Amino acid sequence: AYHMITFKAISERLILVHLETTDGPLYVLQCYAPDTSYPDAIIDDFYNSLQDAVNKLPKKKKLILLGDFNAKVGQSSHENWAGTVGKFAIGEKNGSGDKLLQFCSLNNFAVMNTMYKQPKHRLITWHSLTAWTHNQMDYIILPVNQKHLARNCRVYNSIDLDTDHALLMMKYVLQTKKRKRFKSVLRKFALDKLLVEEKKKEFEIKLNRAFAETFDNNDNLETKYEKFCNITNTITKEVVGYKRRKMVEGMSLETTELCA
């Protein structure tokens, strides 16, 4: 379960969404990088803006980067970029792919849709209008230390979209925070009451009587110990009771006793 906290258009190519989830805040950066027809300076500006957006996020954060990066990371890049890209990229790496890999490596990110073995048609994210050219240019990226939150990441071709891009989806696990369990508080007997002579005598008489009526010489040691503990606790509770809990400011004595 989640709900949106903020939605911010950083630029015409970057959108930041802040979600509150059952596992704390989650930030999603939607990206649309310039393609290779743009000058290197514009592509560099995009990555500078992206880096700036990442830097402004809290250090301890859950983050998903996704979108059309217009970059080909290359099927053999895992040899030099292990951990950043997986073995299941396709095509030949281009200049924009190098920039994306450098950005991911610098931030310790992993390109998730290259991490899972899939048929080729589930790796291709873009088809030319002529259907002769196929590329992998759209990516979902996670911090390496959050890879375990992803279960799978692949293209779904069965969904008909009015675009030359295919639908890329990732299964992402939101871990539910465990509720804190309150430890049972060990209640203490009001043993200071035994300093009063009358209470002390009452305790001794009742304890001796209970021992005499309960103990059997034929009992084994374990049974005798269990009876001793039960009798002692029962008589102590009966004679002196428990210590009063500390009063909570604003709480009456009656309410305090009910909470005991």
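Our structure's up above, just so we're on the same page.
Calculation rules
Residues numbered from 1 in each chain as written. Predicted model: local features only at pLDDT ≥ 70, side-chain atom pairs only at ≥ 80, totals over all residues. Heavy atoms only, no water. Helix = DSSP H or I, 4+ residues; strand = E, 2+ residues; numbered from the N terminus. Expected span 1.5 Å × (residues − 1). Buried < 20%, exposed > 50% of the residue type's maximum accessible area, 1.4 Å probe, protein only. Arc of directions from axis to C-beta. Polar contact = N/O pair within 3.5 Å; in protein donor to acceptor, adjacent residues only side chain to side chain. Contact = heavy atoms within 4.5 Å. Pairing = 2+ DSSP bridges. Axes fitted to C-alpha atoms, helices over the stretch in contact; angles between N-to-C directions. Core = buried A, V, L, I, M, F, W, Y, C linked by side-chain atoms within 4.5 Å. Patch = residues over 30% accessible without salt bridge, like charges linked within 9 Å, V, L, I, M, F, W, Y side chains within 5 Å. Areas by Shrake-Rupley, 256 points an atom, 1.4 Å probe, with all protein chains shown as cover. Salt bridge = Lys/Arg side-chain N within 4 Å of Asp/Glu carboxyl O.

Examining helix H1 (residues 40-55)
For H1, built from 16 residues, the straight-helix expectation of 22 Å at 1.5 Å per residue is met to within 8% by its first-to-last C-alpha distance of 22 Å. All buried positions along H1 are accounted for by Ile43, Phe46, Tyr47, Leu50, Gln51, Ala53 and Val54. Projected onto a plane normal to the axis of H1, the buried residues spread over an arc of 160° and lie on a single side. Set apart from the buried face of H1 by more than 90 degrees, the exposed residues are Asn48 and Asn55.

Considerations on the side chain of Gln118
You can see Gln118 is positioned in the loop between strand S5 (109-111) and strand S6 (126-127). Polar side-chain contacts of Gln118 include one of 3.0 Å to the side chain of Asn152. With sequence-adjacent residues up to four places away left out, Gln118 is seen in contact with Leu123, Asn152, Cys153 and Arg154.

Comments concerning the sheet that holds strand S2 (residues 14-21)
With respect to topology, 6 strands assemble into an open sheet ordered S1-S2-S3-S4-S8-S5, the strand pairing being mixed. Edge positions in the sheet fall to strand S1 (2-11) and S5, since each has one partner strand and no second. Going across the sheet, the axis of each strand differs from the next one's by a mean of 20°, ignoring polarity. As paired elements, S5 and strand S8 (residues 138-143) share 3 bridges and run antiparallel to each other. Residue Ala110 lies in a different strand from S8, and its bridge partner there is Leu142. Across the sheet, H1 touches S1, S2, strand S3 (24-32), strand S4 (62-68) and S5, and the angle it forms with S3 is around 175°. Against the sheet, helix H2 (residues 95-107) makes contact with S4, S5 and S8, and its axis sits at roughly 140° relative to S5, the strand it touches most.

A few points about the environment of Lys117
Turning to its location among the elements, Lys117 is positioned in the loop between S5 and S6. Sequence-wise, Lys117 and Lys87 are 30 residues apart; in three dimensions their C-alpha atoms are separated by 8.0 Å.

A look at the nonpolar core
Judged by nonpolar contacts, the single largest core of 29 residues is most densely connected at Leu50, Phe69, Leu100 and Ile141. When residues of this core are traced back to their parent elements, those giving at least two are S2, S3, H1, S4, H2, S5 and S8. Among the elements that make up this core, the one with the highest residue count is H1 (6 residues). Residues contacting Ile141, with those up to four places away along its chain left out, are Leu63, Ile64, Leu65, Phe69, Leu100, Cys104, Phe109, Ala110 and Val111. Judged by nonpolar contacts, the second largest core, of 16 residues, contains Val17, Leu19, Tyr116 and Ala150.

Notes on a nonpolar patch on the surface
A surface patch of nonpolar side chains, about 240 Å² in accessible area, is lined by Ile159, Leu161 and Met169. Relative to the helices and strands, Met169 is located in strand S10 (residues 167-172). Here Met169 falls in the partly exposed class, since its relative accessible area comes to 39%.

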